[in-house]
Amino acid sequence: MAASSVVHRRVPPEGGWGLLVGVGMAMMFVVTLGSLPSFGLMFGDFLTELGEETSAIALITSCFFSALSFAGLFTNTLMKKTSCRTVGLIGATSYIIGSMLTIFVRSTNELLISFAVFQGAGFGLMIPVSYTTFNAYFVEKRVVMMSVAQTLIGVGTMFYPIFIQRSMDAFGFRGCMAVLAAVNSHTLVAMLVMHPVEWHMRRVPDDAARRPAVVEYGPVATSEDDPKVKLTTETDNFRELPAGQGLGGHRTPEKHRGSRRASSIPGLGNWSGPVVVSDSTERDSKPATKWQILVDFLDLTLLKDPIYVNIVLGISFALYSDLAFFTIQPMYLFMLSFSKADVSLIIAIGAGADLISRIFLAISSTCLNIKARYVYLAGALFTIIARFGFLCVFDFYGMAIVTAIMGFLRTWIHVPLPLVFSEYLPQERFPSGYGLFMFLQGNITFAIGPIVGYIRDVTGSYTVSFHVLTLVMALCVIPWFFEICYYRLKGKVRQEQAPPHVTIPMICETKE
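Conventions adopted
Residues numbered from 1 in each chain as written. Predicted model: local features only at pLDDT ≥ 70, side-chain atom pairs only at ≥ 80, totals over all residues. Heavy atoms only, no water. Axes fitted to C-alpha atoms, helices over the stretch in contact; angles between N-to-C directions. Helix = DSSP H or I, 4+ residues; strand = E, 2+ residues; numbered from the N terminus. Parallel < 35°, antiparallel > 145°, perpendicular 65-115°, else oblique. Left-handed = near helix turned anticlockwise from the far one by under 90°. Contact = heavy atoms within 4.5 Å. Nonpolar A, V, L, I, M, F, W, Y, C, P; charged D, E, K, R; others polar. Buried < 20%, exposed > 50% of the residue type's maximum accessible area, 1.4 Å probe, protein only. Polar contact = N/O pair within 3.5 Å; in protein donor to acceptor, adjacent residues only side chain to side chain. Core = buried A, V, L, I, M, F, W, Y, C linked by side-chain atoms within 4.5 Å. Domains from an automatic or database assignment. Phe/Tyr/Trp six-rings, centres within 6.5 Å; stacked < 30°, edge-to-face > 60°. Expected span 1.5 Å × (residues − 1). pLDDT = per-residue confidence, 0-100. Salt bridge = Lys/Arg side-chain N within 4 Å of Asp/Glu carboxyl O. Patch = residues over 30% accessible without salt bridge, like charges linked within 9 Å, V, L, I, M, F, W, Y side chains within 5 Å. Areas by Shrake-Rupley, 256 points an atom, 1.4 Å probe, with all protein chains shown as cover.

Going by an unreviewed UniProt entry, the chain carries the name Major facilitator superfamily (MFS) profile domain-containing protein and comes from Anopheles farauti.

Student: Can you explain the packing of helix 1 (residues 17-33) against helix 6 (residues 142-184)? Please cite residues and give values.
Tutor: In the contact formed by helix 1 and helix 6, the axes pass within 6 Å of each other and the chain directions differ by 45°. By the angle between their axes, helix 1 is oblique relative to helix 6. Seen from above, helix 1 lies across helix 6 with right-handed handedness. Contacts between helix 1 and helix 6 involve L19, G22, M25, A26, F29, V30, V31 and L33 from the first element and M145, M146, A149, L152, I153, G156, T157, Y160, V183 and N184 from the second. When the residues that make up the contact of helix 1 with helix 6 are grouped by side-chain class, the tally is 14 nonpolar, four polar and no charged.

Student: Outline the side chain of N184, supporting the account with residue identities and numerical values.
Tutor: Turning to its location among the elements, N184 is positioned in helix 6. N184 sits in the buried class, given a relative accessible area of 6%. At 2.8 Å, the side chain of N184 forms a polar contact with the side chain of S99.

Student: Describe the nonpolar core, and please don't skip the residues or the numbers.
Tutor: With 120 residues, the main nonpolar core has I315, Y376, F421 and F437 as its most contacted residues. At 17 residues, helix 9 (residues 306-335) tops the list of elements feeding residues into this core. Per-domain counts for this core show at least three residues from each of domain 1 (10-203) and domain 2 (296-492).

Student: A description of the packing of aromatic side chains should follow, citing residues and the corresponding values.
Tutor: For the structure on display, the rule yields 28 aromatic pairs. Residues F360 and F408 carry aromatic rings whose centres are separated by 5.8 Å and whose planes lie at 45° to one another, so their mutual orientation is tilted. Highlighted residues: F360 in helix 10 (residues 340-364) and F408 in helix 12 (residues 396-414), separated in sequence by 48 residues. Judged by its relative accessible area of 42%, F360 is partly exposed. The exposure class assigned to F408 is partly exposed, which follows from its relative accessible area of 24%. Consider the rings of F421 and F437, whose centres lie 4.7 Å apart with planes at 40°: the pair is tilted.

Student: Tell me what's going on with the packing of helix 1 against helix 5 (residues 108-137), and back it up with residues and numbers.
Tutor: Axis separation between helix 1 and helix 5 bottoms out at 10 Å; the angle between their running directions is 155°. Judged by the angle between their axes, helix 1 and helix 5 are roughly antiparallel. Like other packed secondary-structure pairs, helix 1 and helix 5 cross with a definite hand, here left-handed. Residues W17, G18, V21, G22, M25, M28, F29, T32 and L33 of helix 1 touch helix 5, and the partners they reach there are F123, M126, I127, S130, Y131, T133, F134 and Y137. Looking at the contact of helix 1 with helix 5 residue by residue, the classes come out as 12 nonpolar, five polar and no charged.

Student: Run through helix 1, naming residues and quoting values.
Tutor: Within an α-helix, residues lying three or four positions from one another point in the same direction, as the helix has 3.6 residues per turn. The terminal C-alpha atoms of helix 1, which comprises 17 residues, lie 24 Å apart, in line with the 24 Å expected from a rise of 1.5 Å per residue. Three or more residues of helix 1 are buried, namely G18, V21, G22, G24, M25, A26, M28, F29, V30, V31 and T32. Taken together, the buried residues of helix 1 touch helix 4 (84-102), helix 5, helix 6 and helix 7 (186-192).

Student: So what about the confidence of the model for the chain? Which residues, and what values?
Tutor: Scored by pLDDT, the chain has a mean of 77; 78% of the residues are at 70 or more. Note on residues 504-512: pLDDT is under 50 here. Beyond four places in sequence and across chains, it has 21 contacts.

Student: Describe the pattern of salt bridges, listing the residues and the values that go with them.
Tutor: Per the stated rule, a full pass over the model turns up five salt bridges. The salt bridge involving R358 is made with D354; its shortest N-O contact spans 2.5 Å. Here R358 and its partner D354 are both found in helix 10, four residues apart, which amounts to about one turn of the helix. Each member of the pair, R358 together with D354, is buried. Salt-bridge contacts for R373 lead to E483; the nearest nitrogen and oxygen are separated by 2.6 Å. Placement of R373 in helix 11 (residues 372-390) and of E483 in helix 15 (residues 462-497) is noted, with a sequence separation of 110 residues between them. What makes E483 buried here is its relative accessible area of 10%.

Student: A description of unusual backbone geometry should follow, citing residues and the corresponding values.
Tutor: Even without being glycine, S337 reaches a positive phi, approximately 75°. Its place among the elements puts S337 in the loop between helix 9 and helix 10. Note on S337: relative accessible area 67%, which makes it exposed.

Student: Tell me about the environment of I96, residues and numbers included.
Tutor: If you trace the backbone, I96 turns up in helix 4. In this structure, I96 is in contact with N184, S185, T187 and L188, ignoring residues within four places of it in sequence.

Student: Describe helix 11, naming the residues involved and giving the relevant values.
Tutor: Given a rise of 1.5 Å per residue, 19 residues ought to cover 27 Å, and the 26 Å separating the end C-alpha atoms of helix 11 matches this to within 8%. Within the span of helix 11, buried status applies to A372, R373, V375, Y376, L377, G379, A380, T383, I384, A386, R387 and F390. Where helix 11 is buried, its residues meet helix 9, helix 12, helix 13 (417-422) and helix 15.

Student: Got a sec to walk through the environment of R85? Specific residues and values, please.
Tutor: By the secondary structure assignment, R85 is in helix 4. What makes R85 partly exposed here is its relative accessible area of 22%. Along the sequence, R85 and V193 sit 108 residues apart, while their C-alpha atoms lie 8.3 Å from each other. Residues in contact with R85, not counting those within four places in the same chain, are M191, L192, M194, H195 and W199.

Student: An account of a nonpolar patch on the surface is requested, with residue identities and associated values reported.
Tutor: Taken together, the side chains of V23, V144, V148 and L152 present a nonpolar region at the surface, about 320 Å² in accessible area. Relative to the helices and strands, V23 resides in helix 1. Among the residues examined, V23 registers a relative accessible area of 41% and is labelled partly exposed.

Here it is in structure tokens:
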């Protein structure tokens, strides 16, 4: 090839049709997430007429997230058999069918099928499709565009409870469900715009084509020398662990495992994890047993890693506690004799604080480099403190202020969630690791979900139920705190005992 020839490569559009993908993703999350904190507004009177209230809400929401987790677990397998957009369309269809069936429900079991099963499974299919497509369209502008999308989601969810309340007043319960079914049908449009990125790729000169590959440890090697060595280019700003130091075995400190951008708050919304240029790890050629097939399908070897297990359990407990709290909150406010208008306004104030918090995280990410897991831990800790204040106020303004504080902190629990996994797991294990988390999280939610409703029915006290949910949130904070302290102390000891000639490259040291 002549020295003057130009090598081109195809890159994501970083705009163009990707803008529609971002809008579609935001639209999908607005109509799906908006209904969860308003569940009590939508079905509170209906369940009260049936003689079931807190226990039914706890059961239905638990089944919703269980169906979501099972659907999310099989999304990766479905994507191997069909296109990503087709999987999204299947999810949207399931969600719309569930919304239409909700118009005609007459019992708790029917609501369980329409809302929990159909809508939960549909939502579970659309989540990974939306983020996978979004990440494919944006690389350099991913942080900015994700911040814009999160802002749109915050604006939509802020007005959603007020919209539901006015629809209930104007059209009644079933009329409101019909209106929401029409609104939820926009998920089909959202999935239709999820075009494969190959349809809209750009051709640009490949300036990095001639840059040498580098490795972090030892002499320069190639994939022919060691098939397990991960090679990268300098532009990737990424360093991979040497062969033999993976999950389930000895782990080096976290700052050796990812790029700064992929494992800090500036990477909010990055579900794909650090980018590995090549991974030619050889697979065993022996026939796999049925158990081995299940282990490979679910990547159960991740359960040998105590840090991964602690992350999964902590996030599962925190998510359940957060979602159950805000689902039961409207019923508690009704018990305190708040009107429906006041309750919808309080929920909207909490959603508005959530929006402000998203903007705050987006702005602070430009000047602060904080690990997503630390943000998550801080959000869970301060939420526990705020909940004690929540139980000490009984007037509208006090309740609105405390709800705003909890809404602000709620963003710290939801937005950094995928990044907690992407900063810990290597790229090739992120899909299976996140899918296994969804599976386990759904089962945990299904197992402990009805307990809070049962406690409420037995004790007749919302206060006791809220204290139980706060205790569940503490099951995230306490183990994480001890784990972080343990590995920090262990890392300092190893650093002191390391031979003088062992050094850490400066490019990795900048991560913290």
